[in-house]
Structures are given as structure tokens and as C-alpha cells.
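If you want the building blocks of each chain, they are given just below.
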Amino acid sequence: MGDPSGPGRLSGVTRRVEVGLAEATEAKDDGADAPALDKSAGRAAEGTPERGKTIHGEAANAGHRVLAPDDAEVEAYLEAALNAPSPDRSPADRPASAAALDRQTVVVLDFGSQFAQLIARRVRELDVYSELLPHDTPFEELERRGARAIILSGSPNSVYDPGAPRPDPAIWSGKIPVLGICYGAQLMAHELGGDVIPFDHREYGPANVSITADDPLFAGIEREQPVWMSHGDSISRLPEGFHATAQTDSTPYAGLVDASRNLYGIQFHPEVVHTPRGRDVLRNFVVGIAHVSPTWTAGNFIDTTVAAIRERVDGHAHETGSDGLVICALSGGVDSAVAAALVHRAVGDRLTCIYVDHGLMRKKESELLRVTFERDLGMNLVMVDARERFLARLAGVEDPERKRVIIGDEFIRVFEEEAAKLGRIDFLTQGTLYPDVIESATSETKAAQKIKTHHNVGGLPADLRFQLIEPLRYLFKDEVRRVGLEMGLPEPMVLRQPFPGPGLAIRIIGEVTAERLDTLREADWIVIDEIKAANLYRSLWQSFAILTPVRSVGVMGDGRTYANVVAIRAVTSEDGMTADWAKLPYDVLGKISSRIVNEVPGVNRVVYDISSKPPATIEWE
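Criteria and cut-off values
Residues numbered from 1 in each chain as written. Predicted model: local features only at pLDDT ≥ 70, side-chain atom pairs only at ≥ 80, totals over all residues. Heavy atoms only, no water. Helix = DSSP H or I, 4+ residues; strand = E, 2+ residues; numbered from the N terminus. Buried < 20%, exposed > 50% of the residue type's maximum accessible area, 1.4 Å probe, protein only. Contact = heavy atoms within 4.5 Å. Areas by Shrake-Rupley, 256 points an atom, 1.4 Å probe, with all protein chains shown as cover. Phe/Tyr/Trp six-rings, centres within 6.5 Å; stacked < 30°, edge-to-face > 60°. Lys NZ or Arg CZ within 6 Å of the ring centre and 35° of its normal. Axes fitted to C-alpha atoms, helices over the stretch in contact; angles between N-to-C directions. Parallel < 35°, antiparallel > 145°, perpendicular 65-115°, else oblique. Nonpolar A, V, L, I, M, F, W, Y, C, P; charged D, E, K, R; others polar. Expected span 1.5 Å × (residues − 1). Core = buried A, V, L, I, M, F, W, Y, C linked by side-chain atoms within 4.5 Å. Pairing = 2+ DSSP bridges. Salt bridge = Lys/Arg side-chain N within 4 Å of Asp/Glu carboxyl O.

Student: Looking at this structure, how should I read the overall build of the protein chain?
Tutor: Scanning the protein chain for helices and strands turns up 18 helices and 18 strands. Looking at the 621 residues of the protein chain, the share that counts as buried comes to 58%. When contacts within the protein chain are restricted to residue pairs at least 6 apart in sequence, those whose partners lie at least 24 apart make up 77%. Surface summary for the protein chain: the accessible area is close to 24700 Å², and the carbon and sulfur share equals 50%.

Shown next as C-alpha cells:
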């Protein structure tokens, strides 16, 4: 295999980037439904699941790129540039912090609902560890993972469809409490001898549910409750041993229970914000009925994760006679920052962070990163000024997919050069999150309809000889932020809004030049400055400026101008999957517009984007 510490160890990476880049040069637009990732690599995906439909019935994100990570992580660049495969991970792998919880896990079985991840997140918000697993996970595996409760998600299927997803029948044994949600409740009734029929009137949207019987699931909850429904089937007859606990005007069995077998079902969705007491329903099931202790906290996670990283690195160093050196690519975003902080607490100076300054970041972000990691946290930080290299590669390029490929290619070239200077490196730290893992390993390969395209699965080339350290791969984004704050990272970094991996390059429509970057950077700074001044920053999912390719006539002073048009984008969202344009106050918009036109040279007009997602995307490219 050759010397893994030598300068040629990543040569296979560079060769594949060159091939992918050449293919992208010849690529043609395959149409709106072609996966964006595969267009960037110049070839269509094989075996890609057929795209599904949204709950409203239209095509789900047809052809829209969804940037799941908000960081320019190594894996995001590699996947976009190389179309690289995911690294092999053991199905038995679990976070050390979960193992330390001593059989305190809630398992969510995914039957394909677009809300499946949200259920797991809501359980985590109760300080209880949850895992999202495929619907057909064997019962023995659930027991091995220490499941104290099982939640069955919804599904786009009907229980009587041929091939409808079903769980291991052993889950009905009563050994572990089960809560079925929507399809999960229908499945419970259908599998145990009840009847489920197509609904004459599809119930979608808000509804009022009446609690008709005492049930610990509804403890402390008023008898009349607003809830969110989304179903086209209905339970028409309960299995033997069950009784109804709730109803709506059109659904006689909106709640059902067989307490002797620890089986509970609800037709509505407690995980969505449109069910105000939904969190209490989940808490009653998880903590009250299943008696799971709320011990999944940021402090516990930090302690157990740091100890596990230290043990792993020290063990490898002892076995191989190496120094156990670790590298991490910092992007300026929260994921890589928190991952680096965890590893640094575990291994100290054996970690070296590499920050590739490609010149595509927002104003002052590189300076914040240097101060935080080098001065405040005392980390070994290598900052590479590669601005001229990236600008040279991007010169004359207007197509956004070509920009992505070029940025990914140049990033990995720079990273390769810097890593080679450090000698033998044993571990590479990545900011992979739990959604990156479960979307590529469970739902999209099992029962889920294809709700979105997704490109960050931690795709490292097979010949990259580092071992991976992924301390965040069992956390959702909100949990990462809590861990970062617990570790003392500055709020501007931890609570930073999502930012695309290719940076400002895809917020400049058309060619990227130093002058256009300066224009956008200054306009973007004003947008954020005024939104923060108005106390709106944390209520928005994203807010930013876009430099359009349009010039317009204007009058400034006594003269005619012909200058740039800047667009402003601000959206609200729960998770980035859907988004609504933010109804910013007129005075805030007025200040932003006035300041940009007066303070940013070359701009004479500001417009506001009032498009929601779908049909638009959050980013313009």
C-alpha cells in the first residue's frame, strides 16, 4: 500500500477529482428531475429511488438541490466533487454516550413518513436518547440496543397495500411499550385483527380531538385538543382487547389502547408544532408509561464522547507505535467547530485543525475562527490563504454546478498539500450529523418516498487512509448547538445561520470575481447587521444577500447610474426542508436597502425575494 504518511497518499483523490471535473465539463442538463449531485459529476445516478410527492400532492422537491450541511465540511466537498461512496460503518456502532445510558433508548421505526426524523428529534428534546431505525429491524436487535420504548412512524402507504412495510411481529408481544402514530396506529389495528378501510373524506390538516377515556397517554391534557391530521385511511374496527380513547368528528378511533399489552395508538401527529400538546403526549408515553429516564444531556454527551475518543486514539497509538495524530478541516460553521472542540478536549495538541481560506466566506468570519480556535481555545491551527487559487480556478465560470465541482476539487487539493506536511496522520475528524447517517442508511433505502435530494453522507474515497472520528454523527443540529454552548464556544459561531459549503460563490449569480465578492460581502454584512439590530436573527432560518447578474438604471446625486441589483433573502423554517419567506418589518427592509445603496459601491437597487420553498429553494443556485 506504500507509505501512508508520504505526500502521494491522496493521489487517488486528485485523480478522481480530475476525472469528475472533466466529466462535468461535458455534462448536459438532464432535466429538472435529475439529481443535482450526479449532474455535478456528469452522470446520472443508477438505482436512484423514484421521487415521491409532498403531503400536498405535488412532486417532492423536483430537481431542487437541498444543502443539508451548513458547513463547508470535508465530506460535503468530497461528495460534491467526487461523487464518492460513503465510508463503511458497522451497523452495531453506537455512540459511547448512548451505551452509557444503560438501556435507556427509545427506538423510532421508520415506515417512510417525512416526519420520522422529527419524532426522533422530539424525543431527544425530552432529554431521552432516541434512534431512528428501519421498520423491519429484528426485535432481537431492538432488545440488543436497549430499547425501552418503540414508536411507529407514519407512512405514505396503506396497510392493505401489497408490500406495505411491516415490523417484526414480535414487537406486539408486550415486552416493550409501543406507540403507533397514524400509519403506525392503523398497522397496530390491522396486524392484531382489527379493520382499516379507505377514508371517504381524507383528513388532512388541523382537527379537534376529543379524549373519551382515561389513558395515561393523555394524562394532564384537556379533553378537547387541537391536533394535526394527515391520513387517507381509518380504523373501522378495533382488535380484541383494545378500546377507544379519543375521537374526532370523522374518526371514531383517533386513540386506542390495550394497556395489558403495552400497546398505544393515535391517529394524529404529536411531533408537529400544529399539535400544541403533542410534546406532552410523547412525554407521557416515554417517561410516564415506558419509565425512561431523561439522562440524554449535553453534559453527559460531552463527558462520555471525550472519554471514548481519548480511549480510541490512545489505543491506536499504543498498538501501532504512532503518535495518534488527528486532523480536522474547519469550515467556520458550527458542525466542524464543535467536532474539533470535542476532539481537542480528548487529545489536546495531537489535533491539528486546517482551515482553507478560499475567500468565499462572509465578512470577518475567518478572523472569528482564528481568534476562537487559536487564541481562545489554544488549538494548533493551520490557516491556508488559498484565495487567489480559488479565484483563478473560478475565473469565467458561471454555471453553479461547475462552481461546486471546482471548489470541491481545489479544496481537496489544498487540503492534500497541507495534510502531507504534517507527517503521519492517523485520524480525520468530520462533522457528520445524525440526519446525514440515517437519511442515507435507513429511510431512503427502505420505506420512504424520496422526499429530497441529499449530498452529504460523509463520502470519503476508499483510498483515504485516515480513520474517521465523527463525534457528532448521532446528534441533530439543535443538539450540536447545545453541546457547543456547553463547551464554551462563542454564540456567534454556535448559533450561526446555515451557510452553504461553496460559500458566497453560489450567492453570486454569474462569474465570481474579487470585485463582485467584495460587493456581495459588504451588502451581506449590512443585511445581517440590521437583522441582528432588530433582534430578528435567531427567529430566521437564513438571511442573506444575493448579487444578481442584473444591472439597472438609477439616479444617484445628480447623475445617472447603471449598477448592480442586490436581492435580499430571509426565510423561516423548522428544518430547511420547507421554508416561508420572512415577513420582515418594512422599516428593517428600508434600512437595509438604504444602507446597501449608500454604502456599497456599484449597487443602486435592492429587491426582496418573497418566494416560499417549495416551489423555490432557499438558495438561488
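Student: Quick question: what am I supposed to make of the packing of aromatic side chains here?
Tutor: The relation between two aromatic rings is expressed through the spacing of the ring centres and the mutual angle of the planes. Enumeration according to the criterion identifies 6 aromatic pairs in this entry. With a centroid separation of 5.6 Å and an interplanar angle of 50°, the aromatic rings of phenylalanine 111 and tyrosine 183 are classed as tilted. Of this pair, phenylalanine 111 sits in the loop between strand 1 (105-110) and helix 5 (116-124) while tyrosine 183 sits in helix 7 (residues 183-191); the two residues are 72 residues apart in sequence, bridging distant segments of the chain. Here phenylalanine 111 falls in the buried class, since its relative accessible area comes to 0%. Judged by relative accessible area, tyrosine 183 falls into the buried class, the value being 1%. Taking 4.6 Å as the distance between ring centres and 50° as the angle between the ring planes, the aromatic pair formed by tyrosine 129 and tryptophan 296 counts as tilted. On the criterion of sequence distance, the pair formed by tyrosine 129 in strand 2 (residues 129-134) and tryptophan 296 in the loop between helix 8 (278-289) and helix 9 (298-320) is long-range, its members being 167 residues apart. For the pair tyrosine 129 and tryptophan 296, a shared accessibility class is recorded, and that class is buried. One aromatic cluster is present, built from ring pairs that chain together Tyr129, Trp296 and Phe301. The ring of phenylalanine 544 carries arginine 507 above its face, with NZ or CZ at 3.7 Å from the centroid.

Student: Is there a simple way to think about the packing of helix 9 against helix 15 (residues 477-486) in this case?
Tutor: For any two helices packed against each other, one specifies the inter-axial angle together with the distance between the axes. Viewed as axis vectors pointing N to C, helix 9 and helix 15 meet at an angle of 75°, and their least axial separation amounts to 9 Å. Put simply, helix 9 runs roughly perpendicular to helix 15. Between helix 9 and helix 15, the contacting residues are Ala298, Gly299, Phe301 and Ile302 on the first element and Arg482, Val483 and Glu486 on the second. Looking at the contact of helix 9 with helix 15 residue by residue, the class counts come to 4 nonpolar, 1 polar and 2 charged.

Student: Sorry, what's going on with helix 17 (residues 514-533) here?
Tutor: Turn by turn, an α-helix covers 3.6 residues, leaving residues three or four places apart pointing in a common direction. The terminal C-alpha atoms of helix 17, which comprises 20 residues, lie 28 Å apart, in line with the 28 Å expected from a rise of 1.5 Å per residue. Taken residue by residue, helix 17 has Arg516, Leu517, Thr519, Leu520, Arg521, Ala523, Asp524, Ile526, Val527, Ile528, Glu530 and Ile531 as its buried positions. Contacts made by the buried residues of helix 17 are with helix 12 (387-394), strand 15 (542-556), strand 16 (559-572), helix 18 (586-599) and strand 18 (603-608). At the C-terminal side of helix 17, asparagine 535 shows a positive phi close to 60°.

Student: For this particular structure, what's the right way to read the nonpolar core?
Tutor: Nonpolar side chains tend toward joint burial in soluble globular proteins. Core analysis: the biggest nonpolar cluster contains 130 residues, and Ile151 and Ile596 have the highest contact counts within it. If you tally residues by element for this core, the top one is helix 10 (residues 334-347), at 10 residues. Every residue in contact with isoleucine 151, bar those within four places of it in the chain, is listed here: Val106, Val107, Val108, Leu109, Ile119, Val123, Leu179, Ile181, Leu282 and Phe285. Counting 26 residues, the second largest nonpolar core, distinct from the first, contains Leu109, Trp172, Leu187 and Leu256.

Student: Sorry, what's going on with the environment of threonine 513 here?
Tutor: Tracing the sequence through the fold places threonine 513 in the loop between helix 16 (491-494) and helix 17. On the accessibility criterion, threonine 513 (24% relative accessible area) is partly exposed. Spatially, the C-alpha atoms of threonine 513 and glycine 396 are 8.7 Å apart, while their sequence positions differ by 117 residues.

Student: Hey, could you run me through the sheet that holds strand 14 (residues 467-469) in this one?
Tutor: By way of backbone hydrogen bonds, the strands of a sheet pair with one another, either parallel or antiparallel. With parallel pairing, 5 strands are arranged side by side in an open sheet as 12-11-10-13-14. The open sheet has two edge strands, strand 12 (380-385) and strand 14, and neither has a second partner. Across the sheet, the mean angle separating the axes of adjacent strands is 25° when strand polarity is ignored. Looking at chain direction, strand 10 (residues 326-330) and strand 11 (residues 351-357) are connected through 5 bridges and run parallel. Residue pairing for strand 11: alanine 329 is matched across the bridge by isoleucine 354.

Student: Any chance you could explain the pattern of salt bridges here in plain terms?
Tutor: Opposite charge on two side chains permits them to pair, given that their charged atoms come into close proximity. Going through the model one piece at a time under the given rule, you end up with 40 salt bridges. Put simply, arginine 277 and glutamate 222 hold a salt bridge, and the shortest N to O gap is 2.7 Å. With arginine 277 in the loop between strand 9 (263-266) and helix 8 and glutamate 222 in the loop between strand 5 (195-211) and strand 6 (224-237), this pair connects stretches of sequence that are 55 residues apart. Of the charged contacts in the structure, one is a salt bridge between lysine 421 and glutamate 418, with a shortest N-O distance of 3.1 Å. Through salt bridges with shared partners, a single network forms among Arg389, Arg393, Asp409, Glu410, Arg413 and Glu417.

The values are spatial; any link to function lies outside them.
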